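Structural overview
Residue strings, one per chain:
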Number of protein chains: 2
Amino acid sequence: MVPKGTAKGREHPALSEVDLVTVLSALAEPTRMRIVCMLAEFEGERAWKDIDLPIAQSTLSHHLKILRNAGLIQNRTEGTRCFVSLRDQELDGRFPGLLETVLSCRDAH
Amino acid sequence: MVPKGTAKGREHPALSEVDLVTVLSALAEPTRMRIVCMLAEFEGERAWKDIDLPIAQSTLSHHLKILRNAGLIQNRTEGTRCFVSLRDQELDGRFPGLLETVLSCRDAH
DNA sequence: TTCGATGTTCGTCGATCATCGAACGATTCA
DNA sequence: TGAATCGTTCGATGATCGACGAACATCGAA
């Protein structure tokens, strides 16, 4: 049962099926926290390639998968390119204030 | 440099030295989340012995240590007994709204 | 069709983690 | 002093995690 629209196996779970602990686990890792902060600053999509961190491509893909499974981000494919963005609106519906609060705590250093 | 008041090596870090990711990591585990929720419901101290979960004593002690190191809880010794409570006020000073938001998200199932 | 670019998946490695029982240290009580 | 209680620490075990390179799949361009 592979989704037909996207050839690559990226799945975005319904947020109703996402657990709070899963979200916190996704955020409880420095690299992933950086990614989420980076996406929050840009208020929109960010190209996959523009996420430049000192890690291997496969490692970045791994982290993005975890963030995706936690309902924190979503992917959009355009040809061979890929764009990433936060699911902040939906997330706020499921966990009101959570992402905003975490990000504000993070901003305060 | 062992604290003299408490013979057992329980240390409570200054919240200024606690990292956000550390707090999230501490919360990102089902058993520890249950403990924090349990303490939040009681608005005050809870006796160590009254934290009855289906885990071994040593495991519980381990989880409490992690919560302690993350600045989430504090211990008070009275004779041979031990009482645990949230550091919610201090925590709110360091990470405004964080604990409250997380707990409200948790309450909402 | 062949090539290059883009992400994902696979297999592996070392590190960290949750869990337990056993041993330990501190304290109270007899 | 001796015994019991309470909580921590130690050591071991199996599971999970982050990291990487290599292989793979998809798509656009030549």
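Reading the values: the criteria
Residue positions are given per chain, counting from 1 as you read along its sequence in written order. Naming scheme: in the order in which they are written, chains are lettered from A and ligands are numbered from 1. Side-chain atom pairs in this predicted model are given and counted only at pLDDT of 80 or more, local residue features only at pLDDT of at least 70, and totals for whole chains, interfaces and linings cover all residues. Under the DSSP-based scheme used, a helix requires at least four consecutive residues in state H or I and a strand at least two consecutive residues in state E, with every element numbered from the N terminus. Computation of the radius of gyration draws on C-alpha atoms, with the globule rule given as 2.2 Å multiplied by the number of residues to the power 0.38. Counting other C-beta atoms within 10 Å of its own, a residue is labelled buried from 20 upward, exposed at 12 or fewer, and partly exposed in the gap between, with every C-beta atom placed from the backbone. With C-beta atoms placed from the backbone, a contact is any residue pair whose C-beta atoms sit within 7 Å. In short, DSSP must find at least two bridges between two strands for them to pair. Put simply, a nonpolar core is a cluster of buried Ala, Val, Leu, Ile, Met, Phe, Trp, Tyr and Cys residues tied together by C-beta atoms within 7 Å. Residues were grouped as follows: Ala, Val, Leu, Ile, Met, Phe, Trp, Tyr, Cys and Pro as nonpolar; Asp, Glu, Lys and Arg as charged; and all remaining residues, including Gly, as polar. The angle between two axes is taken between their N-to-C directions and runs from 0 to 180 degrees, where each axis is a line fitted to C-alpha atoms and a helix contributes only its stretch in contact. In this scheme, roughly parallel covers angles under 35 degrees and roughly antiparallel covers those over 145, while 65 to 115 is roughly perpendicular and the rest are oblique. All copies are superposed by least squares; the fitting set is the C-alpha atoms of residues with a pLDDT of at least 70 in both. Working definition: the arc comes from the directions between the helix axis and the C-beta atoms, pointing outward to the latter. Here the expected span of a helix is defined as 1.5 Å times the quantity of residues minus one.

Scanning chain A from N- to C-terminus turns up 5 helices and 3 strands. Relative to its length of 109 residues, chain A is compact, with a C-alpha radius of gyration of 14 Å against a globular reference of 13 Å. If one aligns the C-alpha atoms of chain A with their principal axes, the spans along those axes are about 40 × 35 × 20 Å. Taking all 109 residues of chain A together, 24% fall into the buried category. In chain A, the proportion of contacts linking residues at least 24 apart, taken out of those at least 6 apart, comes to 62%.

Within a regular beta strand, the side chains point alternately toward one face of the sheet and then the other, so they alternate between its two faces. All names here are of chain B. In this sheet, strand S3 (residues 81-86) lies alongside strand S1 (residues 46-47) in antiparallel orientation, the contact comprising 2 bridges. Bridged to Ala 47 within S3 is Phe 83. Pairing of strand S2 (residues 73-78) with S3, which is carried by 6 bridges, proceeds in the antiparallel orientation. For Gln 74, the partnering residue across the bridge sits in S3 and is Ser 85.

On to the nonpolar core. Grouped together as the largest cluster of nonpolar side chains are 44 residues, with contacts concentrated most on A:Val23, A:Leu72, B:Val23 and B:Leu72. Beyond its immediate chain neighbours, meaning those up to four positions away, A:Leu72 contacts A:Val23, A:Ala26, A:Val36, A:Leu67, A:Leu86, A:Arg87 and A:Leu91.

A word on the interface of chain B and chain A. Taken together, the 16 residues of chain B in the interface contact 15 residues of chain A. Counting only elements with at least two residues in the side of chain B that touches chain A, the list comes to helix H1 (20-27), helix H2 (30-42) and helix H5 (98-107) of chain B. Class assignment for the residues of the side of chain B that touches chain A results in 12 nonpolar, 3 polar and 1 charged.

Moving on to the sheet that holds S1(B). All names here are of chain B. Within the open sheet, the 3 strands sit side by side as S1-S3-S2. Their pairing is antiparallel. With one partner strand each, in any of the chains shown, S1 and S2 form the two edges of the open sheet. Contacting S1, S2 and S3, H2 crosses the sheet at an angle of about 85 degrees to S3.

Next up on the list: unusual backbone geometry. Positive phi, close to 45 degrees, is recorded for A:Glu43, a residue that is not glycine. Judged by C-beta crowding, with 10 C-beta atoms within 10 Å, A:Glu43 ranks as exposed.

As a further point, take the packing of H2(B) against helix H3 (residues 57-69) of chain B. Residue and element names in this part refer to chain B. Packing of H2 against H3 leaves a shortest axis separation of 10 Å and a crossing angle of 70 degrees. In terms of orientation, H2 and H3 fall into the roughly perpendicular class. Along the contact surface, H2 presents Thr 31, Arg 32, Ile 35 and Val 36, while H3 presents His 63, Ile 66 and Leu 67. For the contact of H2 with H3, the class distribution of residues is 4 nonpolar, 2 polar and 1 charged.

Right, let's talk about the relation of the copies chain B and chain A for a bit. Relative to chain A, chain B is turned by 180 degrees and slid 0.0 Å along the rotation axis, the superposed coordinates differing by an RMSD of 0.0 Å. Taken together, the rotation and translation relating the two chain copies correspond to the operation of a two-fold axis. Of the interface residues in chain B, 94% have counterparts in chain A that sit at the interface too, so the contact is made through matching surfaces.

Here the focus is H5(B). Those residues of H5(B) lying buried are B:Leu98, B:Leu99, B:Thr101 and B:Val102. Looking straight down H5(B), one finds that the buried residues subtend no more than 165 degrees of arc, so they occupy a single side. Tucked inside the fold, the buried residues of H5(B) contact helix H5 (98-107) of chain A together with H1 and helix H4 (88-94) of chain B.

Residues and elements named next belong to chain A. When the terminal C-alpha atoms of helix H2 (residues 30-42) are compared, their 19 Å separation across 13 residues agrees well with the 18 Å that a helix rising 1.5 Å per residue should span. The set of residues buried in H2 consists of Arg 32, Ile 35, Val 36 and Leu 39. Seen along its axis, H2 keeps its buried residues to an arc of 95 degrees; they face one direction. Across H2 from its buried face, at more than 90 degrees, point the exposed residues Pro 30 and Glu 41. Positive backbone phi, approximately 45 degrees, marks Glu 43, located one or two places after H2.

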